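Spelled out, the chains give:
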Amino acid sequence: MSKPALFTVRKNDPCPACGAELVIRAGKHGPFLGCVNYPTCDYIRPLKNQGDGHIVKVLEGHPCPLCAADKVLRQGRFGMFVGCSHYPECDYTETIDKPDETAINCPQCAQGKLVQRRSRFGKTFYSCDRYPDCQFALNAKPIEGVCPHCQFPLLIEKKTAQGIKHVCASKRCGKPVVEDE
C-alpha cells in the first residue's frame, strides 16, 4: 500500500475553529490532524500518542489476507505501518515504504544481493542481504558496472554540482568512470 493513498482518506472530525473537515497530514514529527482550509485556518491537533502500535485509522475495503478482517493504519515506534485490526489474534503487518531490492550481486561475498535499508537515524544505505555473514555496505546508490581502473565489480552514483557521476565503489580506487556514448 502506498503512502499517499493512506493519507488521502479523510477523518470525519469537524475543525473546532472553522467547522471544516480535519485530514491526516504528515509532518517532520509524525502524522497529525490539520484543517482542510489550511492557510486561512491553522488548527492542528496531534494524533493519539498512546503506546506502540495505536490505530490511526481503519482502512475499510482492504481485507487482511490471513483472517479477512479490515486492515488498519498504525503508528508504531519505527513509524507508520499497516496491520490487521484483530491484533494480537492475527499478527499480519506490512510496511508502507518497501525497500528497493536491487539485482546487483554483493561484490564482497558474491552470494548475496544488495538491498536498500534505513539506519536508525532514517538515512538510506545499501548493504548485503546476507548480513551478519557479509558486512558490505554503501552510503550511495549502487550501479552495475566494472571500474576500468581497478576492475572492481561495482560502481556508485554520486551527485555533484556538475550532475550525476558514476564512481568506483572501491574505497582504495574511488575514481570517476567516464561513460562511453
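In this numbering scheme, every chain counts its residues from 1 along its sequence in written order. Where local features are concerned, this predicted model is filtered to residues with pLDDT of at least 70; where side-chain atom pairs are given and counted, the filter is 80 or more; whole-chain, interface and lining totals use all residues. Only hydrogens and water are set aside; all other atoms, that is, all heavy atoms of the structure, feed into the side-chain values.

K.L.:
Would you mind showing me how to read the sheet that holds strand E8 (residues 93-95) here?
P.N.:
Whenever strands of a sheet pair, they do so through backbone hydrogen bonds, lying parallel or antiparallel. Read across the open sheet, the four strands follow the order E5-E6-E7-E8; overall the sheet is antiparallel. Unpaired on one side and paired on the other, strand E5 (54-63) and E8 mark the two borders of the sheet. Sheet twist, expressed as the mean angle between neighbouring strand axes with direction ignored, is 30°. Each pair of strands is called paired provided DSSP finds at least two bridges between the two strands. Helix numbering and strand numbering both begin at the N terminus, where a helix is a DSSP run of H or I of at least 4 residues and a strand a DSSP run of E of at least 2. Pairing of strand E7 (residues 79-84) with E8 involves three bridges; the strand directions are antiparallel. Bridge pairing in E8 places valine 82 opposite glutamate 94. Here, axes are lines fitted to C-alpha atoms. For helices the fit covers the stretch in contact, and angles between N-to-C directions go from 0 to 180 degrees.

K.L.:
For this particular structure, what's the right way to read the environment of serine 127?
P.N.:
Of note, serine 127 is situated in strand E11 (residues 124-128). Residue contacts are defined here by distance: any two heavy atoms, one from each residue, within 4.5 Å place the two residues in contact. When residues no more than four places from it in sequence are discounted, the contact partners of serine 127 are Lys113, Leu114, Val115, Arg117, Phe136 and Ala137.

K.L.:
It is not clear to me how the pattern of salt bridges should be interpreted in this structure. Could you clarify?
P.N.:
Note that side chains of opposite charge can pair when their charged atoms are close. For this document, the term salt bridge refers to a Lys or Arg side-chain nitrogen within 4 Å of an Asp or Glu carboxyl oxygen. Under the defined criterion, the tally for this structure stands at two salt bridges. Lysine 71 serves as the salt-bridge partner of glutamate 94, at 3.1 Å between the closest nitrogen and oxygen. Of this pair, glutamate 94 sits in strand E8 while lysine 71 sits in strand E6 (residues 70-76); the two residues are 23 residues apart in sequence, bridging distant segments of the chain. For the pair glutamate 94 and lysine 71, one class covers both residues: buried. For aspartate 133, the salt bridge is made with arginine 130, and the minimal N-O distance between the two is 4.0 Å. Only protein chains enter the accessibility calculation, which uses a 1.4 Å probe. A residue is then buried if its area is under 20% of the maximum for its type, exposed if over 50%, and partly exposed in between.

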